[in-house]
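Residue-level listing of the chains:
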Amino acid sequence: AEDFIYDSQNSIASIFILDLNTGEELNILGDVAFSAASTMKVAILIDYYRYLTTPPTQDEAWLMANSLLCSNNSSSNLLMQISGGGVDVFSGLVNVTTTAQTVGARNTFIRAPFVEGVANQQLGSIQVGQTSPNPNYSTDPDIYNQTTAEDLGTMFNMIYDCANYGSGLMTAYPGEFSQRECRQMIELMSANDLLRLLQAGIPDEISISHKNGWTNEMVGDAGIVFPPNGNDY
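The rules behind the values
- Residues numbered from 1 in each chain as written.
- Predicted model: local features only at pLDDT ≥ 70, side-chain atom pairs only at ≥ 80, totals over all residues.
- Heavy atoms only, no water.
- Core = buried A, V, L, I, M, F, W, Y, C linked by side-chain atoms within 4.5 Å.
- Buried < 20%, exposed > 50% of the residue type's maximum accessible area, 1.4 Å probe, protein only.
- Helix = DSSP H or I, 4+ residues; strand = E, 2+ residues; numbered from the N terminus.
- Contact = heavy atoms within 4.5 Å.
- Salt bridge = Lys/Arg side-chain N within 4 Å of Asp/Glu carboxyl O.
- Axes fitted to C-alpha atoms, helices over the stretch in contact; angles between N-to-C directions.
- Parallel < 35°, antiparallel > 145°, perpendicular 65-115°, else oblique.
- Nonpolar A, V, L, I, M, F, W, Y, C, P; charged D, E, K, R; others polar.

> How would you sum up the nonpolar core? Please name residues and give values.
One recurring pattern in soluble globular proteins is that nonpolar side chains are buried together. Residues Met 155, Ile 159, Leu 169 and Met 185 are the most contacted members of the largest nonpolar core, which totals 47 residues. For this core, the element with the highest residue contribution is helix 5 (residues 149–165), accounting for nine residues. Those residues in contact with Met 185 that sit more than four places away from it in its chain are Leu 45, Ile 46, Tyr 49, Ile 159, Leu 169, Phe 177 and Ser 209. Membership of the second largest hydrophobic core comes to five residues, among which are Val 32, Phe 34, Ala 37 and Met 218.

As structure tokens, this is what we get:
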């Protein structure tokens, strides 16, 4: 929209749009770091499928649905704990960050588990390598959990290319993903029926596979739109 202000006195907005057929991009402050909040659960899903060596069991499918659709923090922490070897969540934090950055989301990291709001939760954080988001804009992002609009778009692009062409995630990690797994990721996030944010801007009959996240200061949503003409973006 012509009146869209992406850099106002009290707000900063990022937009990243990628035509999945032509590779054309629209990028407005796509490299600015934001608090990832629950959008990080896209990276957790990718990392968990990288860990899986057999089709997900019913319990595993329930955990992923609870993490991605209900945005449940304890399920998300458990997914990271499992993919990190099962001992504690901290190895999983390393894995999620490494996987995200390896597939091209270079300014994405998670350093601490999600807060579950229960007594006796094991808290703490890990160190991660230096990232280099746009230095000219500060959204005061969460120091433990960050991403950019461009990184989220990149992760969805890698899932899409894996699902449709056998490239993307399958190229980044040969032998660790299958087209079927990537199609399952898209199908799972297509059940995220939020009716707001990205989903509010498209007709009801159009499919969107997406993950939202917000804090008191940040609202975000990222995903793939599947219009009837096949020009997916």
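Now that the structure has been shown, we can carry on.
> Pulling in residues and values, what's your account of the pattern of salt bridges?
All told, the structure shown has one salt bridge when counted by the stated rule. Where Arg 50 meets Glu 176, a salt bridge forms, and the shortest distance between an N and an O atom there is 2.8 Å. In this pair, Arg 50 is assigned in helix 1 (residues 40–51) and Glu 176 in the loop between helix 6 (169–172) and helix 7 (179–190), connecting sequence segments 126 residues apart.

> Residue-level account of the packing of helix 3 (residues 73–83) against helix 4 (residues 89–102), with values.
Running from N to C, helix 3 and helix 4 point in directions that differ by 85 degrees, and their axes come no closer than 7 Å. Accordingly, the angle class assigned to the pair helix 3 and helix 4 is roughly perpendicular. Judged by residue contacts, Asn 77, Met 80, Gln 81 and Ser 83 of helix 3 engage Val 89, Gly 92, Leu 93, Asn 95 and Val 96 from helix 4. Class assignment for the residues of the contact of helix 3 with helix 4 results in four nonpolar, five polar and no charged.

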